[in-house]
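Summary of structural features
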Amino acid sequence: MSTQSQHGAIAGPGGVMPSGSESAPGMTPRISLRGIRMSFGSIEALRGVDLDVYPGECVGLIGDNAAGKSTLTKIISGTYVPDAGTIAVDGEEVRFANPADARARHIEMVFQDLSLCDHIDVMGNLFLGREVARWSFLDRATMKTRARAMLDDLDIRIPRLNARVEKLSGGQRQAIAIARAASFDPRVLIMDEPTSALAVAEVEAVLRLINTLKARGVAVILITHRLQDLFEVCDRIAVMYEGTKVAERAIAKTSLEDLVKLIVGKGEAI
Amino acid sequence: MSVQYTERGQGSAIADFLSEHAQVLSIAGFFIVCVVFFSVMASAFLTPVNLLNILRQAAPILVVAVAMTFVIITAGIDLSVGSQVALINAVAAIALSGGWLPWPFVVLAMLALGALIGLFQGWFVAYQGIPAFIVTLAGLSILRGFALYLTQGYSIPIPDLPGFLFIGRGQIGGIPFPVIVSVAIAVLGTVVLSRTVYGRRVVATGSNTEAARRAGMPARGTIASVYMLTGIASAVAGLLIAARLGSGSSNAAVGFELQVIAAVVLGGTSLFGGRGTILGTLLGALTIAVIGNGLILMHISPFFTQIVTGTIILIAIWLNTRIFTANFRFGGKRRKG
């Protein structure tokens, strides 16, 4: 296995121990993954991944395309059920059969494809799956007021809340997906490429949002290709390579150059 | 140097309204054109008797079209509704002529049978992942076959039960009872689709099934349930037809599914899912009924009616896909590149 770094050792067939693990001792991780494996047909997307994320911490998840970042986060959010491995939330082992189970544990995710319903209006998308209802009738007035407050909270400017989402720009759509995940008191927030379609000011707003959520004790997992953003919000970086976690670095003890080397599989040099 | 910031102005509210409701407005306009045209061309058209007759004939189509709107909004289709109507029609007649149960229980049992048939098909579509087109095409054949087998192809007369026959022939305040039933179901469908959590689930599932699932919605259960709705609606339509004709026949409602789907599509519901209104479906069903009735009053061959109806459906879908998509704007066409 060429990806083995100088600190690492092979843990088992196909599994690689991460190098330089930095974990806060004495605390229970908000979310803890052990030995997660997942195959799609003949392709082993994940080959035994361990990851801990603590309350109030942001972990950056980086790696090349097809390294398994999105698959791993989709397992945490209940979208995929792993073939093997365990997930524990606050020390309690859980099993997510579908996304609703993960949502019930306050695990929220901003998906790369945003997962918006184009034919439903802005507030409908913000409240998708948890509509405010009285006797199963939608309470539009309450949802409208709260939707406006949610968007104002994040400095998102969308003039018409009853516009259908298909009429909005890519940035506005992404902003809605972020607002939806961040506004319902998440305990774990996973963001898969949340800033790819955003303008400068909006990226700053998202990074500010992450720091605000961290201060409230939310555990954040951030996937991004904009490595400079990691240094503004993350406490730790986990590097994925070909379905394994090859390295974990505290943000203070690493640099952009090191991360790039780890991503492309030249971690032995550092 | 000072920098000037200005806010972008809000677009005109009227333009927003027009583009938001383009589908319903266009079918409403077309409906009015049809009514005016036939009123001028046939003197018997715009009379209370004829208008009530149109409504009575449109009632079974409208009932099933309301449920079909839900199915098509989930990007599905139910081709078996005509056969379901025939089966319910035949079974109801057999049960009533055999005197197995008092007629109110027969009505309830037929509604339950419709729900069961719909749920059975819905299970294949939602939980086994077989395309709705295939499942309901099989249903179209199987259910009609059951109806034929049970009746051996004969028409079964329904005994003189005033209570049951009222369902198809009765009037309340001069309005035929089937019309009241169909309008009530259309109103119920409108409220459920646009105002309830269930309606939101139907639209979300049709718009983006995976997003609905990720948002914690029971996407599969929702898909299965809409086929149950067409099953129940087909049972209602089957009972209306049986009570109107006073007999049950396995040859009832041939081609019914095409009229129902035509009404829904004419009403602007997208076959790709996510978009549709009951009001549009109501106007679509009425337009088809008006055209059929008007052409007959103009003494045009009934065979020609089929050609006209088919042509109108084709034009409607063409407008639906070409004009009301992203490239369409009110007030001036965009130049072609």
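Analysis parameters
Residues numbered from 1 in each chain as written. Chains lettered and ligands numbered in written order. Predicted model: local features only at pLDDT ≥ 70, side-chain atom pairs only at ≥ 80, totals over all residues. Heavy atoms only, no water. Helix = DSSP H or I, 4+ residues; strand = E, 2+ residues; numbered from the N terminus. Rg over C-alpha atoms; globule rule 2.2 N^0.38 Å. Buried < 20%, exposed > 50% of the residue type's maximum accessible area, 1.4 Å probe, protein only. Contact = heavy atoms within 4.5 Å. Areas by Shrake-Rupley, 256 points an atom, 1.4 Å probe, with all protein chains shown as cover. Lys, Arg positive; Asp, Glu negative; His and termini not counted. Charge placed at Lys NZ, Arg CZ, Asp CG, Glu CD. Axes fitted to C-alpha atoms, helices over the stretch in contact; angles between N-to-C directions. Parallel < 35°, antiparallel > 145°, perpendicular 65-115°, else oblique. Left-handed = near helix turned anticlockwise from the far one by under 90°. 1 Å grid on protein atoms, 1.4 Å probe; cavity = no way out; pocket = protein on both sides within 12 Å on 5 of 7 lines; lining within 4 Å. Points joined across faces, edges and corners; volume = space filled by probe spheres on them. Nonpolar A, V, L, I, M, F, W, Y, C, P; charged D, E, K, R; others polar.

Along chain B, the regular secondary structure elements total 14 helices and four strands. Since a compact globule built from 337 residues should have a radius of gyration of about 20 Å, the 22 Å found for chain B is in line with a globular shape. Seen through its C-alpha atoms, chain B measures out along the principal axes to roughly 95 × 55 × 35 Å. Out of the 337 residues in chain B, the part that is buried amounts to 48%. Residue pairs at least 24 apart in sequence account for 79% of intrachain contacts in chain B once pairs closer than 6 positions are excluded. As presented, chain B carries roughly 16600 Å² of accessible surface, and 70% of it is formed by carbon and sulfur atoms. Charged side chains in chain B number 18 positive and 7 negative. The centres of these two groups are separated by 6 Å.

So, about the packing of helix α4 (residues 81–98) of chain B against helix α11 (residues 219–245) of chain B. Helix packing for two helices is described by the angle between their axes and how far apart those axes are. Residue and element names in this part refer to chain B. Direction vectors running N to C along α4 and α11 enclose 50 degrees, while the axes themselves pass 8 Å from each other. Comparing the axis directions of α4 and α11 gives the class oblique. Classified by chirality, the crossing of α11 by α4 is right-handed. In this structure, α4 uses V81, Q84, V85, I88, N89 and A92 to contact α11, whose residues at the interface are T230, G231, S234, A235, A237, G238, L239, I241 and A242.

Another aspect to go through is empty space enclosed by the protein. The tally for this structure, following the rule as stated, stands at four cavities of 30 Å³ or more. In terms of lining residues, the largest cavity is bounded by 15 residues, among which A:R103, A:E108, A:M109, A:F111 and B:R214 are the most central. Of all the secondary-structure elements, those providing two or more residues to the lining of the largest cavity are α2 (99–104), β8 (107–110) and α5 (170–182) of chain A together with α10 (209–214) of chain B. The residue makeup of the lining of the largest cavity, split by class, is eight nonpolar, three polar and four charged. Lining the second largest cavity we find A:L154, A:D155, A:I156, A:A175, A:I178, A:L198, A:E202, A:A205, A:V206 and A:L209. When residues of the lining of the second largest cavity are traced back to their parent elements, those giving at least two are α5 and α6 (200–215) of chain A. The element best represented in the lining of the second largest cavity is α6(A), accounting for four residues. Class assignment of the residues belonging to the lining of the second largest cavity gives a composition of eight nonpolar, no polar and two charged.

Note that all results are geometric; they support no functional claim without further evidence.
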